[in-house]
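# Descriptive structure summary
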Amino acid sequence: MKTSLKPLIPLVGIIVICEWLSRSGVVPQFLMPAPSQVLLCVLDDPASFRKAFLETASASMLGLFLSMIVGLFSALILSYSKNVREMFYPYALFFQTVPIIAIAPILVIWLGYGMPTVVASSFIVSVFPIIANSVLGLLSTDEQLVSLFQMMDASPVQTLFKLRLPFALPQILGGFQIAGGLAVIGAIVGEFISGSGLGGLVDAARNQQRVDRVFAAVLLAAFLGILFFAFVSFLNRTLLKHRRSPI
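The structure reproduced in this document is the subject of the present report. Every chain is numbered independently, its residues counted from 1 as its sequence is written. Only residues with pLDDT of 70 or above have their local features reported here, since the model is predicted, and side-chain atom pairs are shown and tallied only from 80 upward, although totals for entire chains, interfaces and linings are computed over all residues. Remark: hydrogens and water are excluded; side-chain values derive from all non-hydrogen atoms of the structure.

This next bit is on the side chain of Ser-60. A run of H or I in DSSP becomes a helix once it reaches four residues, and a run of E becomes a strand once it reaches two; helices and strands are each numbered from the N terminus. Examined against the element boundaries, Ser-60 turns out to sit in helix H3 (residues 46-80). The contact criterion used throughout is that any non-hydrogen atoms of two residues lie within 4.5 Å. When sequence neighbours within four positions are dropped, the list of residues in contact with Ser-60 reads Ser-122, Ala-183, Val-184, Ala-187, Leu-224 and Phe-228.

Whenever a carboxyl oxygen of Asp or Glu lies within 4 Å of a side-chain nitrogen of Lys or Arg, that contact is scored as a salt bridge. The tally for this structure, following the rule as stated, stands at five salt bridges. Where Arg-210 meets Asp-212, a salt bridge forms, and the shortest distance between an N and an O atom there is 3.0 Å. According to the relative accessible area criterion, Asp-212 is buried, its value standing at 8%. Exposure classes here rest on a 1.4 Å probe applied to the protein chains alone. A residue is buried below 20% of its type maximum, exposed above 50%, and partly exposed in between.

Taken N-terminus to C-terminus, the directions of helix H4 (residues 82-96) and helix H6 (residues 115-139) make an angle of 140 degrees; their axes are 9 Å apart at the nearest point. Regarding the angle of H4 to H6, the classification is oblique. The way H4 lies across H6 gives a crossing that is left-handed. Listed contacts from H6 to Arg-85, Tyr-89, Ala-92, Phe-95 and Gln-96 of H4 are Phe-128, Pro-129, Ile-131, Ala-132, Val-135 and Leu-139. Angles here are taken between N-to-C directions and fall from 0 to 180 degrees, while the axes themselves are lines fitted to C-alpha atoms, restricted in helices to the stretch in contact. Throughout, the term roughly parallel applies to angles under 35 degrees, roughly antiparallel to angles over 145, roughly perpendicular to angles from 65 to 115, and oblique to all others. Take the far helix as the reference: if the near one is turned anticlockwise from it by less than a right angle, the crossing is left-handed, and if turned clockwise, right-handed.

The nonpolar core is taken to be a set of buried Ala, Val, Leu, Ile, Met, Phe, Trp, Tyr and Cys residues, with the residues joined through side-chain atoms within 4.5 Å. In terms of nonpolar packing, the biggest core is built from 39 residues, with Ile-131, Phe-176 and Leu-198 touching the most fellow members. Every element with two or more residues in this core is listed here: helix H2 (35-44), H3, H4, H6, helix H8 (156-194), helix H9 (197-207) and helix H10 (211-241). Counting residues per element, this core draws most heavily on H8, which supplies eleven residues. In contact with Phe-176, not counting residues within four places along its chain, are Leu-64, Met-68, Ile-130 and Val-232.

Structure (structure tokens):
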């Protein structure tokens, strides 16, 4: 059997078990609907789920893109100057520990309901792993190679692009990979407050006691996170495959 098909075995098993538990009454359907019921609720109202999925995907993608740009640029500044790093890096670590659910209401006050709040929430959650991983990678460059570049009269810009960035690329891409899943989580949290996308769909379905719609929206959010992770993993493999050695 192909390796790519092996993860489907436990998935099919879990679906069959959940279907049996729900249909047989072992677990009440208001606690865990049957997978077939979850699928039917999506097929009964595909427009709402499609609209919510695309809204969450758009906000997550924009938040992740902004976090990649801002996170990498911030990491370059922090790694370039020790004084700047000592002043600002602790704040980056501090904000990484603040729960986004506590910040989301403030974002609504500042930015209002809708896409800006969701994108900002996605960005805040996903930017700090990129900063932390990128700074770690940029500072872990072999000092002997740095000394070699200095002996060859390489400028700081040449050292950055020809040595430090290629050397730190695995750590940077690792930060992107972590941020891919977090961007979706941040968007969902923002949508709980702003009432849009899959997060808004979950909140509305919870108030209506539609557990099947809650499960459907959560599964779509998980699928979106998998898509983001797969995309960043593909980017990771492609860039590392064509990466040139610093020396």
